[in-house]
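# Examination of the molecular architecture
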Number of protein chains: 2
Amino acid sequence: MNLASGLRASLVALCCLLASWPLAAQGQSAAPKGWACPPCDLPCDAVVHDKAGVCHGCGMALVQAPKKVAILIFDGVEIIDYTGPYEMFGAAGFQVFTVAATRHPVKTAMGMVVVPAYTFADAPRADVLVIPGGGVNVASAHADTLRYIKDTAAQAQHTLSVCNGAFILAQTGLLDGLTATTTRGNLQGLAKRHPKVKVVGDRRYVDNGKIITAAGLSAGIDGALHVIERLMGAEAATQVATYEEYAWKAGSEPGR
Amino acid sequence: MNLASGLRASLVALCCLLASWPLAAQGQSAAPKGWACPPCDLPCDAVVHDKAGVCHGCGMALVQAPKKVAILIFDGVEIIDYTGPYEMFGAAGFQVFTVAATRHPVKTAMGMVVVPAYTFADAPRADVLVIPGGGVNVASAHADTLRYIKDTAAQAQHTLSVCNGAFILAQTGLLDGLTATTTRGNLQGLAKRHPKVKVVGDRRYVDNGKIITAAGLSAGIDGALHVIERLMGAEAATQVATYEEYAWKAGSEPGR
């Protein structure tokens, strides 16, 4: 390889690298940030503050940190339900991580094996919680899972269910009195099982403010982009959708 | 819980289960099948035959088996690039598995940890090979990876690259003389690096027959649906897209 071709190869490699880099790392979108103390191994590590200042736990000056997205996973979780949102939040510059009941590898629907990043016991405090669907029967009857969802949703800015993940979320009672959606084939089932939830089937996602429910499978991508829109604005969310080469328009609750 | 509510809960649970079950398992689409001998621990286990008969390796009568999709994964692989196709092929009833250079867990772009189902040394023969993108520089210069792709593509019915996975595929020489596409931001880079490839940026995927290349990120979903269309027909592929609540139309090479 001569100097010219070596330089060209290096430039092309750099170009590839940049083109596959999350938008936030390219400086094309402002990653949403909170304020936290530098890691100090005290419980205050998990506390996210809205503005600059000093940590009351350890006394250190707060620094800016990307907002965190916790994605619940469990045996039988549907792949696209959680990986679609994972990709969108990641591209927007959020810190995304999977959370499960234990550290044991999770086997998704269709057989992919994923090692959870955290357990309910040690997961960082999340700004956004994603509850995917799939084989939900065990998770929606699992006391520790429901407790983690309730505790996390209470302090998160948004909780997003995808597909029949709405059944897990509904089981916590957090959907009572709200309007929600789920997979096309599960609309009647959700309404029958949770009569306090107003179930609708005409929208790709439904926004109740803190709690957002997406329709089935690929609709989790739209739901995640909507959460990004809520947190970062329409321009940033559109930029992520364009980067992901995904047809999406800012604006609430499109039809399906 | 009384008998009526117990019965209702069981019916709802069954409904959830069915609604989240792959289409093929619901009998709503005919999973594409080949013929293979029942597992016998001989090398002929990996051979897929086009029609019924007797295995020349072990002598057993061949039985029908779902077609297999191998998905290459590597450190830095982009999540949506490989999980979008995984979901689509899985919902269509294919047997989908991940393959990596070693059994060591792979860390994707954005930090998800995945345990490969197989290594290059022990992966079953695949009918479809998927080559995703992401941080591709190491994979596209890795001799074992390129050899696995060449060997697998030689006997597979279709090889699908997604996003800048086209750079890995091009490095094998298999794209030489063909028309191909990649991520929007990588079109010029691919053309410069691989001048024997005719790079186009006007389509969401490009079909050369055996070799199909998809555009960036979410376009892998469209590429996978197109491969399903090629193998199972437009009706089956449309049924998968509908089930996945994904806007997709049968017919080749849509614009982007």
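Read on for a plain summary of the structure. All figures in this text were calculated on a predicted structure; none of them were measured in a lab.

### Concerning the pattern of salt bridges
Residue and element names in this part refer to chain B. One pass over the structure, following the stated rule, counts 10 salt bridges over all chains. A salt bridge links R103 to D122; the nearest nitrogen and oxygen atoms lie 2.4 Å apart. You can see R103 sitting in the loop between β4 (95–100) and β5 (106–107) and its partner D122 sitting in the loop between β7 (118–119) and β8 (128–131), a full 19 residues away along the chain. Take R103: its relative accessible area is 40%, and that puts it in the partly exposed class. Across the pair D207 and R230 runs a salt bridge whose closest N-O atoms are separated by 2.7 Å. Of this pair, D207 sits in strand β12 (residues 205–207) while R230 sits in helix α6 (residues 219–232), placing them 23 residues apart in sequence. What makes R230 partly exposed here is its relative accessible area of 40%.

### A look at helix α6 (residues 219–232) of chain A
Residue and element names in this part refer to chain A. Compared with the 20 Å implied by 1.5 Å per residue over 14 residues, the 20 Å span of α6 between its first and last C-alpha is a close match. Counting buried residues in α6 gives 12 out of 14 residues, a clear majority hidden from the surface. Buried residues of α6: A219, G220, I221, D222, G223, A224, L225, H226, V227, I228, E229 and M232, and no others.

### A word on the environment of A:K150
Residue and element names in this part refer to chain A. Along the chain, K150 falls in helix α3 (residues 143–155). Residue classification places K150 among the partly exposed positions, given a relative accessible area of 42%. Note: C-alpha distance between K150 and F120 (30 residues apart in sequence) is 12 Å.

### Focus on the nonpolar core
Nonpolar side chains tend toward joint burial in soluble globular proteins. Core analysis: the biggest nonpolar cluster contains 130 residues, and A:F89 and B:F89 have the highest contact counts within it. Dropping the residues within four chain positions of it, A:F89 is found in contact with A:V69, A:F94, A:V96, A:V128, A:V130, A:A224, A:V227 and A:I228.

### Digging into the interface of chain A and chain B
Taken together, the contacts link 49 residues of chain A with 49 residues of chain B. Of all residues in chain A, A:E87, A:M110 and A:E245 bury the most surface against chain B, accounting for 18% of the area lost on that side. Taken together, the links from chain A to chain B amount to 0 salt bridges. Secondary-structure elements contributing two or more residues to the side of chain A that touches chain B are α1 (3–19), α2 (79–91), β6 (113–115), α5 (187–193) and α7 (234–243) of chain A. The biggest single contributor to the side of chain A that touches chain B is α2(A), with 9 residues. Residues belonging to the side of chain A that touches chain B are distributed by class as follows: 23 nonpolar, 16 polar and 10 charged. The pairing of β6(A) with strand β6 (residues 113–115) of chain B spans 3 bridges and is antiparallel. Bridged to A:V113 within β6(B) is B:V115.

### A few points about the relation of the copies chain A and chain B
Take chain A, turn it by 180 degrees, move it 0.0 Å along the axis, and it overlays chain B with an RMSD of 0.0 Å. Look at the turn and shift together and you get a two-fold axis relating the two. Looking at the rotation axis and the C-alpha trace of chain A, the residue lying nearest is A:V114, at 2.2 Å. Residue by residue, 100% of the interface of chain A is reproduced at the interface of chain B, so both copies engage with the same surface.

### Some thoughts on the sheet that holds strand β12 (residues 205–207) of chain A
Each strand in a sheet pairs with another by means of backbone hydrogen bonds, the pair being arranged parallel or else antiparallel. Residues and elements named next belong to chain A. Here we have 7 strands laid out as an open sheet, ordered β7-β4-β3-β8-β9-β13-β12, and mixed in their pairing. Looking at strand neighbours, the two that pair on one side only are β7 (118–119) and β12, the edges of this open sheet. Sheet analysis places strand β4 (residues 95–100) next to β7, joined by 2 bridges and oriented parallel. Bridge pairing in β7 places A100 opposite T119. Here α3 sits on the sheet and contacts β3 (68–72), β4, β8 (128–131) and β9 (158–161); the angle it forms with β8, its principal contact strand, is near 150 degrees. This element, α6, spans β8, β9, β12 and β13 (211–214) of the sheet and lies at about 170 degrees to β9.

Reading the values: the criteria
- Residues numbered from 1 in each chain as written.
- Chains lettered and ligands numbered in written order.
- Predicted model: local features only at pLDDT ≥ 70, side-chain atom pairs only at ≥ 80, totals over all residues.
- Heavy atoms only, no water.
- Salt bridge = Lys/Arg side-chain N within 4 Å of Asp/Glu carboxyl O.
- Helix = DSSP H or I, 4+ residues; strand = E, 2+ residues; numbered from the N terminus.
- Buried < 20%, exposed > 50% of the residue type's maximum accessible area, 1.4 Å probe, protein only.
- Expected span 1.5 Å × (residues − 1).
- Core = buried A, V, L, I, M, F, W, Y, C linked by side-chain atoms within 4.5 Å.
- Contact = heavy atoms within 4.5 Å.
- Buried area = accessible area lost by both parts, 1.4 Å probe.
- Nonpolar A, V, L, I, M, F, W, Y, C, P; charged D, E, K, R; others polar.
- Pairing = 2+ DSSP bridges.
- Least-squares fit on C-alpha atoms with pLDDT ≥ 70 in both.
- Axes fitted to C-alpha atoms, helices over the stretch in contact; angles between N-to-C directions.

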